[in-house]
Amino acid sequence: MAGRLIFHFTPGDSALHRWDARCKFAGLLVISIGLLYMDVPGLSLFTAAFAVSLPLSRLPWKEFFKDLRLWGLFLLFIFCLQAVSLSGREPSVLPWLTVTKPGLVLAFLSCWRLALILCYATLFTAVTRPHDLQDALVWIMKPFPFLPARRIALMVSLTLRFLPLIMDHGEEVRLAGRSRLAHQRRNLLERIKYFALPLFRKSLLRADQMALALAARGYDEDLPARMGGIPARHLFGLAFLAALVVFLAGPVPDILAKELLNFMEEVRRTAA
């Protein structure tokens, strides 16, 4: 078991834990798409909603934010890249770089949106059992017989399990190298080599062990998803969330709106 809490299921009995996995998955898609088109009021509202949902779900929010700090470097890179590239006709803030005030604002909003999407994805994995997620994906892909639903669902579930394990392996390799004074090497390529190769080897061994475990337990792609209809109160929560996102997102493109309505109609027809 990985020592990190990010992308791990945390047992509980909150309203989010009891919410149907199919509605949670659809809600995550709706929020992720809507956040891309929201401005400051919508982003502020969903930031406050996320801050409230953590204590209500009785999740260890301090540990979650501690693990999410690792993504700060990625968001900082995105911010710097967009701040430099999104330059307008206004005078630059920094004389040696083409950085304008509108560029800084757009870069900040972009990182804010990405951070919220990451936070809600982490919340989704924390309140959804991996087995329920597999069955939900198989149920959602049931109208598409040409898709290997069980295989795709298994790949998604294994990916969520492997991410924290790989992060733990990376921490083990880093500590092992530090104990051997590898961090004092002046050659950056050698430091990368002695970190990446052991991590790659440990990841391949873990994947091979997982494949053998699946074969030993008789993995079969023809197993049906034993899920009944979606309760009406769960669909009501999803419809309210979708309406709120559409209201806050403003002029959502017509294609996305039509796809959202088609998906909601398919969910309602299948549940009936």
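So, how was this worked out
- Position labels on residues start from 1 in each chain and follow its written sequence.
- For this predicted model, a pLDDT threshold of at least 70 governs which residues receive local features, and a threshold of 80 or more governs which side-chain atom pairs are given and counted, while totals over whole chains, interfaces and linings are taken from all residues.
- Based on all heavy atoms of the structure, the side-chain values leave hydrogens and waters out of the count.
- Aromatic rings from Phe, Tyr and Trp, taking only the six-membered ring of Trp, are treated as a pair when their centres fall within 6.5 Å; an angle between ring planes under 30 degrees marks them as stacked, one over 60 as edge-to-face, and anything in between as tilted.
- The numbering of helices and of strands both runs from the N terminus, where a helix is a DSSP run of H or I of at least 4 residues and a strand a run of E of at least 2.
- Exposure is judged per residue with a 1.4 Å probe applied to protein chains only, and the accessible area is read against the type maximum: over 50% gives exposed, under 20% gives buried, and values in between give partly exposed.
- Here the expected span of a helix is defined as 1.5 Å times the quantity of residues minus one.
- Angles shown run from 0 to 180 degrees and are taken between the N-to-C directions of axes, each axis being a line fitted to C-alpha atoms and, for helices, limited to the stretch in contact.
- Handedness of a crossing follows from how the near helix is turned relative to the far one, being left-handed for an anticlockwise turn of less than a right angle and right-handed for a clockwise one.
- Throughout, a contact is declared for two residues whenever any of their heavy atoms are within 4.5 Å.
- Residue type decides the class: Asp, Glu, Lys and Arg count as charged, Ala, Val, Leu, Ile, Met, Phe, Trp, Tyr, Cys and Pro as nonpolar, and the leftover types, Gly among them, as polar.

Quick word on the packing of aromatic side chains
Each aromatic ring pair is described using two quantities: the centre-to-centre distance and the angle formed by the ring planes.
Alright, step 1. For the coordinates displayed, the defined rule picks out four aromatic pairs.
Alright, step 2. Where phenylalanine 46 meets tyrosine 120, the ring centres are 6.2 Å apart and the plane angle is 75 degrees; that geometry is what we call edge-to-face. One end of the pair, phenylalanine 46, is in helix H3 (residues 40–56); the other, tyrosine 120, is in helix H6 (residues 101–127), with 74 residues separating them in the sequence.
Alright, step 3. By relative accessible area, which is 4% here, phenylalanine 46 ends up buried.
Alright, step 4. Judged by its relative accessible area of 9%, tyrosine 120 falls in the buried class.
Alright, step 5. Each member of the aromatic cluster is reached from another via a ring pair, and the members are Phe46, Phe50 and Tyr120.

Describing helix H2 (residues 21–35)
Alright, step 1. Taking 1.5 Å of rise per residue, the 15 residues of H2 would be expected to cover 21 Å, and the 21 Å separating its terminal C-alpha atoms lies within 8% of that figure.
Alright, step 2. For H2, a buried count of 13 out of 15 residues is recorded, marking the element as mostly surrounded by other parts of the structure.

A short note on the packing of helix H8 (residues 149–179) against helix H9 (residues 188–216)
Alright, step 1. One can describe the packing of H8 onto H9 by two numbers: an axis separation of 10 Å at closest approach and a directional angle of 140 degrees. Taken as a pair, H8 and H9 cross one another with a handedness that is right-handed. Judged by residue contacts, Leu154, Leu158, Phe162, Leu165, Ile166, His169, Gly170, Glu172, Val173 and Arg174 of H8 engage Tyr194, Phe195, Pro198, Leu199, Lys202, Ser203, Arg206, Ala207, Met210 and Leu214 from H9.
Alright, step 2. Across the contact of H8 with H9, the residue classes tally to 13 nonpolar, three polar and four charged.

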